[in-house]
Amino acid sequence: MVSQATTRATPSDYRGELVEGVKYDGRNHSLLWVDIKRGEIHRCLLDPDEDYKLNWSAHEVITLRDPNDSVGFIGLTTSVDTVVACCKYGVGVANFLTGTFDYRFKYPHDQTRLRSNDGVIDAQGNLWIGTMTDFPYEDSMTDEGRVYRITPHFDKCDVVVPNIKIPNGMAVKDNKLFVTDSKQFRMVTYDLSETSTSTPPKPQVFFDFSSKYPGGEPDGMAYDESGLYSAVWGHGKVAHYSWQGQFIEDFDIPSPLTTCVGGQGYVTTAHPTLAGKADDGQGGSIFHIPRVINQQLHYWHI
């Protein structure tokens, strides 16, 4: 049976600009996220005795020093106070104890037009990160984006997926790479056994959003044993699909620019003025849906 949930999420007291990449760290019961355009990395403690509510008195922010920089993705590392951060020019580490970020690796492409977007760390500690056209060039966006696989300690960097406009939420499961292809309104899979050849692997459509959410772009996502949860930009939805690509349910979010969903059911959104819309008083906030998403996050080894 296909069910549809319409339970409203609960807004927080925080509002950002382009809030993304939300994830839960069970080691210290904290929620982490980024504000891409502001170049900010956030961490806020959750209270497990109060239904994992955000404790805003324990909210920390690391701001990138370069005002032209941005941060698209953060991943947990073997150190609870350090995250790996994928930014405009490459990848580095940010530390909440010192409040600093330092680049460790620069991308092997022209860094003028591209920036980091979304990614994932797999069970072997590889970092999969998508890049896309940067903000000043969005009106001339092309399929110049790509997905890199960077091995632990930055030993090797390979282009796995070339020629994609906006690579978004990702997963690695059963020797397949799942990539949200936002501008094609779909999620696709790549057979990783084909990546050793000189020919890039061909995408296979996992599910298509265009019929159920016309004009809605699938965005950041989380996953667990039950399947994949994807934010739907433009529709104010979080859509839940099984690992067989079947629709299960969705959740209403009070602001249409839904960007990402993460552990413990937290959902990020973008400020409406980012899309040239009037301020609705809610976009840019963090919301919560009634689902505990038990995604097993893997660590980057530092």
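Cut-offs used in this document
Residues numbered from 1 in each chain as written. Predicted model: local features only at pLDDT ≥ 70, side-chain atom pairs only at ≥ 80, totals over all residues. Heavy atoms only, no water. Pairing = 2+ DSSP bridges. Helix = DSSP H or I, 4+ residues; strand = E, 2+ residues; numbered from the N terminus. Axes fitted to C-alpha atoms, helices over the stretch in contact; angles between N-to-C directions. UniProt positions renumbered as here; feature names shortened; annotations may be inferred. Buried < 20%, exposed > 50% of the residue type's maximum accessible area, 1.4 Å probe, protein only. Contact = heavy atoms within 4.5 Å. Polar contact = N/O pair within 3.5 Å; in protein donor to acceptor, adjacent residues only side chain to side chain. Salt bridge = Lys/Arg side-chain N within 4 Å of Asp/Glu carboxyl O.

### Quick word on the sheet that holds strand S15 (residues 186-191)
Think of a sheet as strands paired side by side through backbone hydrogen bonds, with each pair either parallel or antiparallel. Read across the sheet, 4 strands follow the order S13-S14-S15-S16 without closing on themselves; strand pairing throughout is antiparallel. The open sheet has two edge strands, strand S13 (167-173) and strand S16 (204-208), and neither has a second partner. The mean inter-strand angle of the sheet, taken between neighbouring strand axes irrespective of direction, is 25 degrees. Summarising the sheet, strand S14 (residues 176-181) and S15 pair through 6 bridges and their orientation is antiparallel. Residue pairing in the sheet places Asp181 in a bridge with Arg186 of S15.

### Quick look at the UniProt feature "active site" (unreviewed entry) in the chain
UniProt marks Asp219 with the feature "active site" (unreviewed entry), using the numbering shown here. Inspection of the secondary structure puts Asp219 in strand S17 (residues 217-224). What makes Asp219 buried here is its relative accessible area of 8%. Every residue in contact with Asp219, bar those within four places of it in the chain, is listed here: Glu20, Asn168, Gly169, Thr180, Ser182, Ser230, Ala231, Trp233, Thr258 and Thr259. Within the local environment of Asp219, its side chain forms a polar contact with the side chain of Asn168, the two groups lying 3.3 Å apart.

### Thoughts on the side chain of Asn117
Its place among the elements puts Asn117 in strand S9 (residues 114-121). On the basis of relative accessible area, Asn117 is assigned to the buried category, the value being 5%. At 3.3 Å, the side chain of Asn117 and the side chain of Asn168 are in polar contact. Excluding its chain neighbours within four sequence positions, the residues that come into contact with Asn117 are Ile36, Gly72, Phe73, Ile129, Gly130, Thr131, Met132, Ile166, Pro167 and Asn168.

### Overview of the pattern of salt bridges
In total, this model carries 15 salt bridges according to the counting rule given. Residue Arg43 pairs with Glu60 through a salt bridge whose shortest N-O separation is 2.9 Å. Placement of Arg43 in strand S3 (residues 40-47) and of Glu60 in strand S4 (residues 53-63) is noted, with a sequence separation of 17 residues between them. For Glu60, a relative accessible area of 29% gives the class partly exposed.

### With respect to the pairing of strand S11 (residues 145-150)
Most of S11 sits out of view: 5 of its 6 residues are buried. Relative to S11, strand S10 (residues 127-133) is paired through 5 bridges, and the arrangement is antiparallel. Its bridge partner being in S11, Trp128 is matched across the sheet by Arg149. Direction of pairing for S11 relative to strand S12 (residues 157-164): antiparallel, over a ladder of 5 bridges. Pairing of Val147 across the sheet is with Val161, part of S12. Hairpin remark: S11 followed by S12, antiparallel, with 6 residues in the connecting loop; positive phi at His153, about 65 degrees.

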